[in-house]
Amino acid sequence: MPFRLLIPLGLLCALLPQHHGAPGPDGSAPDPAHYRERVKAMFYHAYDSYLENAFPFDELRPLTCDGHDTWGSFSLTLIDALDTLLILGNVSEFQRVVEVLQDSVDFDIDVNASVFETNIRVVGGLLSAHLLSKKAGVEVEAGWPCSGPLLRMAEEAARKLLPEYNKAIRNYTRFDDWYLWVQMYKGTVSMPVFQSLEAYWPGLQSLIGDIDNAMRTFLNYYTVWKQFGGLPEFYNIPQGYTVEKREGYPLRPELIESAMYLYRATGDPTLLELGRDAVESIEKISKVECGFATIKDLRDHKLDNRMESFFLAETVKYLYLLFDPTNFIHNNGSTFDAVITPYGECILGAGGYIFNTEAHPIDPAALHCCQRLKEEQWEVEDLMREFYSLKRSRSKFQKNTVSSGPWEPPARPGTLFSPENHDQARERKPAKQKVPLLSCPSQPFTSKLALLGQVFLDSS
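Here the residue index of a chain counts from 1 through its sequence in written order. Given that this is a predicted model, residues contribute local features only at a pLDDT of at least 70 and side-chain atom pairs are listed and counted only at 80 or more, while totals for whole chains, interfaces and linings are drawn from all residues. Heavy atoms throughout the structure, all of them, feed into the side-chain values; hydrogens and water do not.

1. Focus: the overall build of the chain
What counts as a helix is a DSSP run of H or I of at least four residues, what counts as a strand is a run of E of at least two, and both are numbered from the N terminus. Within the chain one finds 14 helices and 18 strands. Remark: exposure states derive from per-residue accessible area (1.4 Å probe, protein chains only) relative to the maximum for the residue type, with buried under 20%, exposed over 50%, and partly exposed in between. Counting only residues that meet the buried cut, the chain has 46% of its 460 residues in that class. Once local pairs closer than 6 in sequence are excluded, the contacts in the chain between residues at least 24 apart make up 64%. Areas reported here follow the Shrake-Rupley algorithm with a probe of radius 1.4 Å; residue values treat only the protein chains shown as occluding. Counting only carbon and sulfur atoms, one obtains 54% of the accessible surface of the chain, whose full area is about 23,500 Å². Here, residues are in contact when the closest pair of their heavy atoms is within 4.5 Å.

Given below as structure tokens:
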């Protein structure tokens, strides 16, 4: 290791306090309950500071204890933090903020807004809060989750963005458990750097079961964290140091996000240690009287007068979920809610939440509950008809039925099964009839079959 790296390493070791809840002589992991409360305290220090000093502006400026608009003028931090309130268990504040947003946020204004940031933070935050409203004790209107005030707000914001929406593609290649920037059409390395935003990748790898590669890459990134007490925006891999003018750490969540997913997959206590180090580093380096400030330079820990809304929406949320294994977000399907919608009865809240880019959890079952396109319902009905046709074909006492699948009626008793008889049977086959939409009467869950969020009565 170059000598110049020893100086910031020594500085960091001197600055960080001894960890309460750190692994003991027996190798035990950090105490999740202890750090869960620490993370909750971090959230409220930042959240209360925003409300007292910055609302209704987008973000808090923690060094001057005031606010400013950044990505529009939508009280961005309040929207971004809303679902985190419920994950931390604060239903009363969730309910209050829902009312405040309906009364104060107006998308019919002429502002210079970021399409990408407004999409992931505002639209995503409102959608997530809408789907979590019932769990938070909000009185929902008839037709929820397919209708509601927060959903209408999300749709209004999204429609404003549609004319300008576009996307970019970035290509990467792997080298020794690092992922480098390459030229898309040549494959040659363009920049041998690690960008902090890429630290989400091990978490994504874990979701497809690529655990070994995920852990190796994660440990590379964790080494950088331990070197500086955070992830610099750019890190030069061959030199083992920050890149000029990219030395800052705006309290990004990506490495913590990966730790949460990997810990769910492996239970490896090393991942809790990253969570512990993140709490200790952020509190020691970034905490100020009015919140948590962006670290402008990880080499000397100078601060910048900004607290991005994603600190409450993502960083704190993933930290809390890392230390809270029984949170409703981690539901394995053992509990759920049966909800009547205009399109039938749906099972919601059974787990499998999908986080958008801003860590707003979306229940995918709701997308199917509120699906208006009948083609999807017809596809499910075809699966159901095929299921029952195959079931009936196994019983020799059943009458021959027409299947929507490849199954063909058997020959009659005493009849040789010849190509001619087969053709005659095809000629006698009645035309396929349109089956009406299946109804969804209220029944015990054990007597139903759930597909794609839509529940059907098992009438066999």
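2. Some words on the nonpolar core
Buried Ala, Val, Leu, Ile, Met, Phe, Trp, Tyr and Cys residues that are joined via side-chain atoms within 4.5 Å together make up what is termed a nonpolar core. If you look at the biggest cluster of nonpolar residues, it comprises 87 residues, and the most contacted ones within it are Leu101, Leu126 and Phe311. Here the element with the most residues in this core is helix α11 (residues 310-323); it accounts for nine residues. Leaving out residues up to four positions away in the same chain, Phe311 has contacts with Met42, Ala46, Leu251, Ile282, Phe292 and Val316. Counting residues in each nonpolar core, the second largest holds 11 residues, with Trp144, Cys146, Val339 and Leu348 among its members.

3. Quick notes on the environment of Val91
Inspection of the secondary structure assignment puts Val91 in helix α4 (residues 91-104). Relative accessible area serves as the criterion here: at 34%, Val91 is assigned to the partly exposed category. Excluding residues that lie within four positions of it along the chain, Val91 makes contacts with Leu86 and Ala136.

4. Section: the pattern of salt bridges
Salt-bridge detection follows one rule: a side-chain nitrogen of Lys or Arg within 4 Å of a carboxyl oxygen of Asp or Glu. This model, assessed by the stated rule, comprises 19 salt bridges. The partner of Glu283 in a salt bridge is Arg38, and the shortest N-O contact between them spans 2.9 Å. Note that Glu283 is positioned in helix α10 (residues 269-286) and Arg38 in helix α2 (residues 32-53), a separation of 245 residues in sequence. Its relative accessible area of 17% is what places Arg38 among the buried residues. Linked by salt bridges that have partners in common, Glu59, Glu117, Arg121, Arg306, Glu308 and Glu358 make up one network.

5. Structural notes on the side chain of Arg276
Within the secondary structure, Arg276 is located in helix α10. By relative accessible area, which is 9% here, Arg276 ends up buried. A distance of 2.9 Å separates the side chain of Arg276 from the side chain of Asp277, its partner in a polar contact. In protein, a polar contact means a hydrogen-donor-capable atom and an acceptor-capable atom, both N or O and within 3.5 Å, with residues adjacent in sequence counting only if both atoms are side-chain atoms; elsewhere, any N or O pair within 3.5 Å suffices.

6. Regarding the confidence of the model for the chain
For the chain, the average pLDDT comes to 80, and 73% of its residues sit at 70 or higher. Each residue carries a pLDDT score, the predictor's own confidence in it, on a scale running from 0 to 100. Confidence over residues 1-20 falls short of pLDDT 50; this stretch has 33 contacts with residues more than four positions distant or in other chains. Contacts for the low-pLDDT stretch residues 401-460, under 50 throughout, to residues beyond four places or in other chains number 81 contacts.

7. A word on the sheet that holds strand β7 (residues 234-236)
With respect to topology, three strands assemble into an open sheet ordered β6-β7-β8, the strand pairing being antiparallel. Lying at the two open borders of the sheet, with one neighbouring strand each, are β6 (193-195) and β8 (241-242). In the sheet, β7 pairs with β8 via two bridges, with the strands oriented antiparallel. Bridging across to β8, Asn236 finds its partner in Tyr241. A strand pair is defined by DSSP finding two or more bridges across the two strands.

8. Describing the state of the cysteines
Disulfides are defined as cysteine sulfur pairs within 2.5 Å. Counted according to the given criterion, the structure contains three disulfides. Residue Cys65 pairs covalently with Cys290 via a disulfide, S to S 2.0 Å. Looking along the S-S bond of the Cys65-Cys290 disulfide, the torsion reads about 95 degrees, which is the right-handed sense. Separated by 225 residues along the polypeptide, Cys65 in the loop between β1 (59-61) and β2 (66-68) and Cys290 in the loop between β9 (287-288) and β10 (291-292) bring together distant segments of the chain. Cys290 gets classed as buried once you look at its relative accessible area, which sits at 7%.

9. A look at helix α3 (residues 76-87)
The element α3 is extensively covered by neighbouring structure, given that 12 of its 12 residues are classed as buried. Within α3, the full set of buried residues consists of Leu76, Thr77, Leu78, Ile79, Asp80, Ala81, Leu82, Asp83, Thr84, Leu85, Leu86 and Ile87. Elements that come into contact with the buried residues of α3 comprise α2, β1, α4, α5 (115-132), α11 and β16 (361-362). Of the residues trailing α3, Gly89 is marked for its positive phi of about 95 degrees.

10. Topic: α11
For an α-helix, the turn length of 3.6 residues means that residues three or four places apart are oriented alike. The end-to-end C-alpha distance of α11 is 19 Å, a good match for the 20 Å that 14 residues give at a rise of 1.5 Å each. At Lys317, α11 shows its largest kink, close to 25 degrees. Of all the 14 residues making up α11, 14 are buried; the element is thus mostly covered by neighbouring parts of the structure. Between the first and last residue of a helix there are one fewer steps than residues, each counted as 1.5 Å, and that sum is the expected span. The bend reported for a residue corresponds to the angle between axes fitted to the seven residues ending at that residue and the seven starting there.

11. Concerning unusual backbone geometry
A cis amide bond, omega 10 degrees, links Phe55 with the succeeding residue Pro56. Among the secondary structure elements, Pro56 is positioned in the loop between α2 and β1. Here the amide bond leading from Trp144 into Pro145 is cis, since omega sits at 10 degrees, within 30 degrees of zero. Considering the arrangement of structural elements, one finds Pro145 in the loop between α5 and α6 (149-161).

12. Observations concerning the pairing of strand β14 (residues 344-348)
The buried count for β14 comes to five of five residues, which makes it a mostly enclosed element. Note that strand β13 (residues 337-341) and β14 share five bridges and pair antiparallel. Considered in β14, the bridge of Thr341 is made with Gly344. Linking two consecutive strands that pair antiparallel, namely β13 and β14, is a turn of two residues.

13. Describing the packing of aromatic side chains
Two aromatic rings are characterised by how far apart their centres lie and by the angle between their planes. Two rings from Phe, Tyr or Trp (for Trp, the six-membered ring) form a pair when their centres sit within 6.5 Å of each other. Planes less than 30 degrees apart are called stacked, planes more than 60 degrees apart edge-to-face, and all others tilted. Using the criterion set out here, one finds 15 aromatic pairs in the structure. Grouped by ring-pair contacts, the aromatic residues Phe43, Tyr44 and Tyr47 constitute a single cluster. In our convention, an over-ring charge means Lys NZ or Arg CZ found within 6 Å of a ring centre and within 35 degrees of that ring's normal. When the ring centre of Tyr222 is taken as origin, the NZ or CZ atom of Lys226, which lies over that ring, is 4.5 Å away. Just above the ring of Phe234 sits the side chain of Arg246; from NZ or CZ to the centre is 5.7 Å.

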